[in-house]
Amino acid sequence: MEILLIRHGQSEADILGVHEGRADYPLTELGKKQAKRLACRLNEQCPPDIIWTSTLKRASETATILADEVGCMLMKEPNLMEFNNGVLAGLPREIAATKYPLPPGGRKPHERIQNGESEIEFRMRVEMAFSKILAESSAVLRIAIVSHGGTISNLLRSILHLPVSTSVKFATGDTGIHLIKKEDEGLQIVTLNNTEHLYNY
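No experiment lies behind these values; they were computed from the predicted model shown.

### Here's the deal with the pattern of salt bridges
Turning to step 1, where the next piece is worked out: Under the criterion given, the structure shown has 10 salt bridges.
Turning to step 2, where the next piece is worked out: For the salt bridge of glutamate 2 with arginine 142, the shortest nitrogen-to-oxygen distance reads 2.9 Å. Taken as a pair, glutamate 2 in strand 1 (residues 2–7) and arginine 142 in strand 4 (residues 142–147) lie far apart in primary sequence, 140 residues in all.
Turning to step 3, where the next piece is worked out: Among the residues examined, arginine 142 registers a relative accessible area of 19% and is labelled buried.
Turning to step 4, where the next piece is worked out: With a closest N to O distance of 2.5 Å, arginine 7 and aspartate 174 form a salt bridge.

Here's what the structure looks like:
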């Protein structure tokens, strides 16, 4: 099975300078164009049989554009949502830094953001979502998972058996694709953060 991990297109929060997380901003017009370029590429090169998506607008709007172009089934999975950043959601970064500063040394993996979740809870949530998706998609050859930068980074760290507290992060551009192959021996990361469709379509 091939697994395409895909980040959503540009959202309104990306240009407002606010903490996004669970703040539910839609795609910008550029974000919609990015999704359409990706849709053309998937349709021509690697159409998925099923697309799984986070329920937040920026991801579900991206996934809907892809599913409409490819003509495949679209499944919504709430546990693919971005990190629950609680009181930070939607706050301008300057205000958040003053009102809710990080503790000295940073937040511990088990410590929750006010009204949010901890890094450990986030990791557990995305691992459970990934396990469910793989189990329910076992009969198909290719799936796409449309989600968020933090969720994707957490999934990749999990696949590589990196600890929750690691400083390793994986960048994902707007509509960037990470290709994973699931084989009898396990999961293989093939490519990371491919965005060639933004320039070639």
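Following the structure, the description resumes.
### Quick look at the environment of alanine 135
Turning to step 1, where the next piece is worked out: Here alanine 135 shows up in helix 5 (residues 119–136).
Turning to step 2, where the next piece is worked out: For the pair alanine 135 and glycine 149, spaced 14 residues apart in sequence, the C-alpha to C-alpha distance is 23 Å.

### Regarding the sheet that holds strand 6 (residues 186–194)
Turning to step 1, where the next piece is worked out: Spatial strand order, 3-2-4-1-5-6: 6 strands in an open sheet with mixed pairing. Looking at strand neighbours, the two that pair on one side only are strand 3 (73–76) and strand 6, the edges of this open sheet. Strand-to-strand twist of the sheet, defined as the mean angle between neighbouring strand axes without regard to direction, takes the value 20°.
Turning to step 2, where the next piece is worked out: With 6 bridges connecting them, strand 5 (residues 177–183) and strand 6 associate as antiparallel partners. Across the sheet, residue isoleucine 180 finds its bridge partner in strand 6, namely isoleucine 189.
Turning to step 3, where the next piece is worked out: Here helix 3 (residues 57–70) sits on the sheet and contacts strand 1, strand 2 (50–53), strand 3 and strand 4; the angle it forms with strand 2, its principal contact strand, is near 170°.
Turning to step 4, where the next piece is worked out: Contacting strand 1, strand 4, strand 5 and strand 6, helix 6 (residues 149–159) crosses the sheet at an angle of about 145° to strand 1.

### A short note on the packing of aromatic side chains
Turning to step 1, where the next piece is worked out: Summed over the entire model, instances satisfying the criterion amount to 1 aromatic pair.
Turning to step 2, where the next piece is worked out: For the pair phenylalanine 83 and phenylalanine 122, a centre-to-centre distance of 5.3 Å together with 50° between the ring planes defines the contact as tilted. You can see phenylalanine 83 sitting in the loop between strand 3 and helix 4 (93–99) and its partner phenylalanine 122 sitting in helix 5, a full 39 residues away along the chain. This pair shows no difference in class: phenylalanine 83 is buried, exactly as phenylalanine 122 is.

### Re helix 3
Turning to step 1, where the next piece is worked out: Compared with an ideal rise of 1.5 Å per residue, which puts 14 residues at 20 Å, helix 3 spans 20 Å between its outermost C-alpha atoms and is within 8% of the ideal.
Turning to step 2, where the next piece is worked out: Taken residue by residue, helix 3 has Arg58, Ala59, Ser60, Thr62, Ala63, Leu66, Ala67 and Val70 as its buried positions.
Turning to step 3, where the next piece is worked out: Against strand 1, helix 2 (29–45), strand 2, strand 3 and strand 4 lie the buried residues of helix 3.
Turning to step 4, where the next piece is worked out: Looking one or two residues beyond helix 3, the residue adopting positive phi is glycine 71, at roughly 80°.

### Topic: unusual backbone geometry
Turning to step 1, where the next piece is worked out: We note that histidine 161 has phi near 60°; this positive angle belongs to a residue other than glycine.
Turning to step 2, where the next piece is worked out: Despite not being glycine, asparagine 193 has its phi angle at roughly 50°, a positive value.
Turning to step 3, where the next piece is worked out: On the basis of relative accessible area, asparagine 193 is assigned to the partly exposed category, the value being 27%.

### Some points on the nonpolar core
Turning to step 1, where the next piece is worked out: Ile3, Leu5, Phe130, Ile143 and Ile145 are the most contacted members of the largest nonpolar core, which totals 25 residues.
Turning to step 2, where the next piece is worked out: Counting residues per element, the ones that place at least two in this core are strand 1, strand 2, helix 5, strand 4 and helix 6.
Turning to step 3, where the next piece is worked out: Among the elements that line this core, the one with the most residues is helix 5, at 6 residues.

Rules and cut-offs
Residues numbered from 1 in each chain as written. Predicted model: local features only at pLDDT ≥ 70, side-chain atom pairs only at ≥ 80, totals over all residues. Heavy atoms only, no water. Salt bridge = Lys/Arg side-chain N within 4 Å of Asp/Glu carboxyl O. Helix = DSSP H or I, 4+ residues; strand = E, 2+ residues; numbered from the N terminus. Buried < 20%, exposed > 50% of the residue type's maximum accessible area, 1.4 Å probe, protein only. Pairing = 2+ DSSP bridges. Axes fitted to C-alpha atoms, helices over the stretch in contact; angles between N-to-C directions. Contact = heavy atoms within 4.5 Å. Phe/Tyr/Trp six-rings, centres within 6.5 Å; stacked < 30°, edge-to-face > 60°. Expected span 1.5 Å × (residues − 1). Core = buried A, V, L, I, M, F, W, Y, C linked by side-chain atoms within 4.5 Å.

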